[in-house]
Amino acid sequence: MKIKVLYEDKDMLAIEKPSGILVHPDKRSKEKTILDLFIKKYPKLEIVHRLDRETSGVMLLAKNQKAHEFLKSQFINREIKKVYHAIVSGSVRLDRGVINKPIGRSPKDFRRWLAGRGARGELREAITEYKVLKRLKNYTYLEVRPKTGRTHQIRVHMKYINHPIVCDSLYNPDNPCPKGITRMALHAKSIEFKNLSGKIIKIESKLPKFFPK
């Protein structure tokens with residue numbers, strides 16, 4: 001599989017992750033991952049953040065330990081700006097909104113996370129901002145900016161406000177996919193970070209064709 005490189009310097013790499021590929025090995029699967037595809041060329045490569053298997057878009061990788069620690073520090077301090085695009089079920093009432101709801105484990109399914117009532121285990125702070133880009137028949141096209149980086153955060157928060165992402169088999173299994181969409185409609189559109197020279201870098205990924213113009 002050919003993965004497009006969007007940015008590269010001596011310490012960092014930004015790639016365009018396709019939908020349908022894991023970022024790093026999963027005990028339940030033996031398929032090739034993003035890490036597998038790049039580790040031969042970059043033997044010291046480290047994962048800095050993850051995108052879910054079905055999520056596409058821009059993703060950062062560190063080519064050495066120093067870069068990994070530098071980027072991790074930016075994520076922890078919320079200095080990295082991430083923008084996603086998503087299509088969700090239903091008509092989102094507000095043109096803009098902030099979902100500030102801690103996320104914990106689902107008591108019913110070990111694969112799922114949950115915001116709000118019923119969440120189990122440690123509840124971790126999670127904040128997601130969203131803006132309506134376009135209203136469609138039975139769906140809403142959103143720009144989403146996660147301020148924290150919890151597992152499945154955008155998917156869980158959209159489910160929490162009763163507007164789950166379309167074609168999300170885990171959080172929206174009962175609603176049919178819109179015509180022309182065959183995968184989860186979540187895409188990491190851009191990321192902004194500092195490289196080791198202190199320069200602010202913004203990388204953008206081309207939207208899949210099924211997103212509205």
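These numbers were taken from a predicted model, which means no experiment stands behind them.

(A) Main features of the overall build of the protein chain. Summing up its helical and strand segments, the protein chain has 3 helices and 13 strands in all. Here the C-alpha radius of gyration of the protein chain, 17 Å, is about what a compact globule of 213 residues would show, namely 17 Å. Overall, the protein chain is about 45 × 40 × 35 Å in size when its C-alpha atoms are taken along their principal axes. Burial analysis of the protein chain (213 residues in total) assigns 50% to the buried set.

(B) Quick peek at the nonpolar core. Counting 51 residues, the largest nonpolar core has Ile-165 and Phe-193 as the members making the most contacts within it. Counting residues per element, this core draws most heavily on strand S4 (residues 56-62), at 5 residues. Of all hydrophobic cores here, the second largest spans 7 residues; its members include Ile-103, Ala-115, Ala-126 and Val-156.

(C) Region of the structure containing the state of the cysteines. Throughout the structure, instances matching the rule amount to 1 disulfide. Residue Cys-167 pairs covalently with Cys-177 via a disulfide, S to S 2.2 Å. In this pair, Cys-167 sits in the loop between helix H3 (153-160) and strand S12 (186-194) while Cys-177 sits in the loop between H3 and S12, placing the two residues 10 residues apart along the sequence.

(D) Quick peek at H3. Of all 8 residues that make up H3, 6 are buried, and the element is covered over most of its length. Among the residues making up H3, those that are buried are Gln-153, Ile-154, Arg-155, Val-156, His-157 and Met-158. Looking one or two places after H3, you find Asn-162, whose phi comes out positive at around 70 degrees.

(E) Seen up close, helix H2 (residues 65-76). With 12 residues, H2 extends 16 Å between its outermost C-alpha atoms, agreeing within 8% with the 16 Å of an ideal straight helix rising 1.5 Å per residue. Every buried residue of H2 is accounted for by Ala-67, His-68, Leu-71, Gln-74 and Phe-75. What you see down the axis of H2 is that its buried residues fit within an arc of 130 degrees, all on one side. Exposed side chains of H2 directed beyond 90 degrees from the buried face belong to Lys-66 and Ile-76. Check the buried side of H2 and you find it contacts strand S2 (12-17), strand S3 (46-47), S4, strand S5 (81-89) and S12. For H2, the N-terminal cap is Asn-64; the gap from its side-chain oxygen to the backbone nitrogen of Lys-66 is 3.3 Å. Immediately downstream of H2, the backbone of Arg-78 shows phi near 60 degrees, a positive value.

Calculation criteria
Residues numbered from 1 in each chain as written. Predicted model: local features only at pLDDT ≥ 70, side-chain atom pairs only at ≥ 80, totals over all residues. Heavy atoms only, no water. Helix = DSSP H or I, 4+ residues; strand = E, 2+ residues; numbered from the N terminus. Rg over C-alpha atoms; globule rule 2.2 N^0.38 Å. Buried < 20%, exposed > 50% of the residue type's maximum accessible area, 1.4 Å probe, protein only. Core = buried A, V, L, I, M, F, W, Y, C linked by side-chain atoms within 4.5 Å. Disulfide = S-S within 2.5 Å. Expected span 1.5 Å × (residues − 1). Arc of directions from axis to C-beta. Contact = heavy atoms within 4.5 Å. Polar contact = N/O pair within 3.5 Å; in protein donor to acceptor, adjacent residues only side chain to side chain.

That is the geometry; function is a separate question.
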